[in-house]
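So the chains spell out like this:
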Amino acid sequence: MMEIPSKVSMESVSAMWKFSVSTATGRVIADSSGKGLHRYPDGNQGYASTSGATLVVGTPKSYMPLYPCGEIYSNIWHFSAAASAGFTGDMKQAYGGRLQFKMMTSSYNGSIRSSRGSVVILSTSGMAISYRRVFGPPHTNGGLEQWNYYSVVLREDHGWYSEPGGVLLTRQQFEDVLENVDKLLIRGDEYVYGADGHGSEVVAINDVALYKK
């Protein structure tokens, strides 16, 4: 049994529990990740509270809850390019141009997040497209506390995908999104839980600019 909130440092212990509502029997919930190092043959088992808690199918609310690699990626934070600077509305004239910016990290831990999704454009129609980063995360070129410069070509054949499926885009699809931009997001959350840490970072961004062709 685990007491919530935890009275131990979360820097020294991590609790992970994978389960499915469909495999639960009554109040008994089995850990579907397998036996692991648990001493019991069936692995971990827990009990749902009889009051104040309900198991429901679903994932936390986010723009794209199942991309790029499942639920561990649901809570991803981004920098949002300002509407006042022309990063929303009709951006079709920017097709073939470049989005440029610089990023820097002063500290991080965990594993490097997937390069896909480093830039996301959301359309007012609900369509989302994302860019697969060519260069590394903010610490790879020059190290910590050094600016890294990024140039993203706004054309479908330069590493852009539709989300959440990760399907390559046509020119028409790309132009349709640019014509009705709701948000332009640049991912700051470049690290995820892994062998080297919990996936935390301190990231800064500057000089975000759009250059038309």
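Rules used in this analysis
- Residues numbered from 1 in each chain as written.
- Predicted model: local features only at pLDDT ≥ 70, side-chain atom pairs only at ≥ 80, totals over all residues.
- Heavy atoms only, no water.
- Core = buried A, V, L, I, M, F, W, Y, C linked by side-chain atoms within 4.5 Å.
- Buried < 20%, exposed > 50% of the residue type's maximum accessible area, 1.4 Å probe, protein only.
- Contact = heavy atoms within 4.5 Å.
- Salt bridge = Lys/Arg side-chain N within 4 Å of Asp/Glu carboxyl O.
- Helix = DSSP H or I, 4+ residues; strand = E, 2+ residues; numbered from the N terminus.
- Phe/Tyr/Trp six-rings, centres within 6.5 Å; stacked < 30°, edge-to-face > 60°.
- 1 Å grid on protein atoms, 1.4 Å probe; cavity = no way out; pocket = protein on both sides within 12 Å on 5 of 7 lines; lining within 4 Å.
- Points joined across faces, edges and corners; volume = space filled by probe spheres on them.
- Nonpolar A, V, L, I, M, F, W, Y, C, P; charged D, E, K, R; others polar.
- Polar contact = N/O pair within 3.5 Å; in protein donor to acceptor, adjacent residues only side chain to side chain.
- pLDDT = per-residue confidence, 0-100.
- Pairing = 2+ DSSP bridges.
- Axes fitted to C-alpha atoms, helices over the stretch in contact; angles between N-to-C directions.

Novice: Help me understand the nonpolar core, please; the structure alone is not making it clear to me.
Specialist: Where a protein is soluble and globular, its nonpolar side chains tend to be buried together. The biggest cluster of nonpolar side chains holds 24 residues, and the ones touching the most others in it are Leu99, Phe101, Val119, Ile121, Trp160, Phe174 and Leu184. Leave out the neighbours within four places in its chain, and leucine 184 touches Phe79, Ser80, Ala81, Phe87, Met91, Leu99, Val119, Val120 and Ile121.

Novice: How should the pattern of salt bridges be read in this particular structure?
Specialist: Two side chains bearing opposite charge may form a pair once their charged atoms approach each other closely. For the coordinates displayed, the defined rule picks out eight salt bridges. The residue arginine 113 makes a salt bridge to aspartate 189 at a minimum N-O spacing of 3.3 Å. Residue arginine 113 is found in the loop between strand 5 (111-112) and strand 6 (116-123), and its partner aspartate 189 is found in the loop between strand 11 (181-187) and strand 12 (191-192); the two are separated by 76 residues along the sequence. Each member of the pair, arginine 113 together with aspartate 189, is buried. Salt bridges linked by common partners bring Arg133, Arg187 and Glu190 together as one network.

Novice: Before we go on, may I ask you to explain the packing of aromatic side chains in this structure?
Specialist: Any two aromatic rings considered together are summarised by their centre-to-centre distance and by the angle between their planes. Applying the stated criterion to the full structure yields six aromatic pairs. An angle of 70° between the planes, with centres 6.0 Å apart, marks the rings of tyrosine 95 and phenylalanine 174 as edge-to-face. With tyrosine 95 in the loop between strand 3 (78-80) and strand 4 (98-108) and phenylalanine 174 in helix 1 (residues 171-179), this pair connects stretches of sequence that are 79 residues apart. Here the aromatic rings of phenylalanine 101 and tyrosine 150 are separated by 5.3 Å at their centres, their planes lie at 20°, and the arrangement is stacked.

Novice: Teacher, can you tell me more about empty space enclosed by the protein here?
Specialist: Rolled over the atoms, a probe sized like a water molecule indicates the empty space that remains. With the rule as written, the count across this model stands at one cavity of 30 Å³ or more. As a volume, the largest cavity reaches approximately 60 Å³. Lining the largest cavity are 13 residues; nearest its centre among them are Phe101, Ser118, Arg133, Tyr150 and Glu190. At the level of elements, strand 4, strand 6 and strand 8 (148-153) are the ones that each hand at least two residues to the lining of the largest cavity. Residue composition of the lining of the largest cavity, by class: nine nonpolar, two polar and two charged.

Novice: Can you walk me through the side chain of arginine 187 in this structure?
Specialist: Tracing the backbone through its elements, the reader meets arginine 187 in strand 11. One polar contact links the side chain of arginine 187 to the main-chain carbonyl oxygen of arginine 116, over a distance of 3.0 Å. Those residues within four positions of arginine 187 in sequence are excluded, and the remaining contacts are Ile76, Trp77, His78, Met103, Arg113, Ser114, Ser115, Arg116, Gly117, Ser118 and Arg133.

Novice: What exactly am I supposed to notice about the confidence of the model for the protein chain here?
Specialist: Detailed reading of predicted coordinates is not advised where the pLDDT is low. Confidence in the prediction for the protein chain averages 76 pLDDT; 65% of positions are at 70 or higher. Long-range and interchain partners of residues 1-16, a stretch whose pLDDT sits below 50, account for eight contacts in this model, where long-range means more than four residues apart. Below a pLDDT of 50 lies the segment residues 57-73, which in the model reaches 33 contacts outside its immediate sequence neighbourhood of four places, other chains included.

Novice: What's the story with the side chain of histidine 139 in this structure? I'm lost.
Specialist: In this fold, histidine 139 is placed in the loop between strand 7 (128-132) and strand 8. Residue classification places histidine 139 among the buried positions, given a relative accessible area of 15%. There is a polar contact of 3.3 Å between the side chain of histidine 139 and the side chain of tyrosine 108. Separated by 2.7 Å, the side chains of histidine 139 and tyrosine 191 make a polar contact. Excluding residues that lie within four positions of it along the chain, histidine 139 makes contacts with Thr105, Tyr108, Ile112, Leu144, Asn148 and Tyr191.

Novice: Help me understand the environment of serine 200 in this model?
Specialist: Along the polypeptide, serine 200 turns up in the loop between strand 12 and strand 13 (201-211). Using a relative accessible area of 36% as the deciding quantity, one classes serine 200 as partly exposed. Along the sequence, serine 200 and aspartate 189 sit eleven residues apart, while their C-alpha atoms lie 7.8 Å from each other. If near-sequence neighbours (up to four positions away) are discounted, serine 200 is found in contact with Ser107, Tyr108 and Asn109.

Novice: Explain the sheet that holds strand 4 here, please?
Specialist: Strands pair in a sheet through their backbones, by hydrogen bonds, and they do so in one of two ways: parallel or antiparallel. Within the open sheet, the three strands sit side by side as 8-4-13. Their pairing is antiparallel. Only two strands of the sheet have a single neighbouring strand rather than two, namely strand 8 and strand 13. Across the sheet, the axes of successive neighbouring strands diverge by a mean angle of 25°, strand direction being ignored. Of the pairings in the sheet, the one linking strand 4 to strand 8 comprises six bridges and is antiparallel in character. Looking across to strand 8, one finds that phenylalanine 101 is bridged to tyrosine 150.

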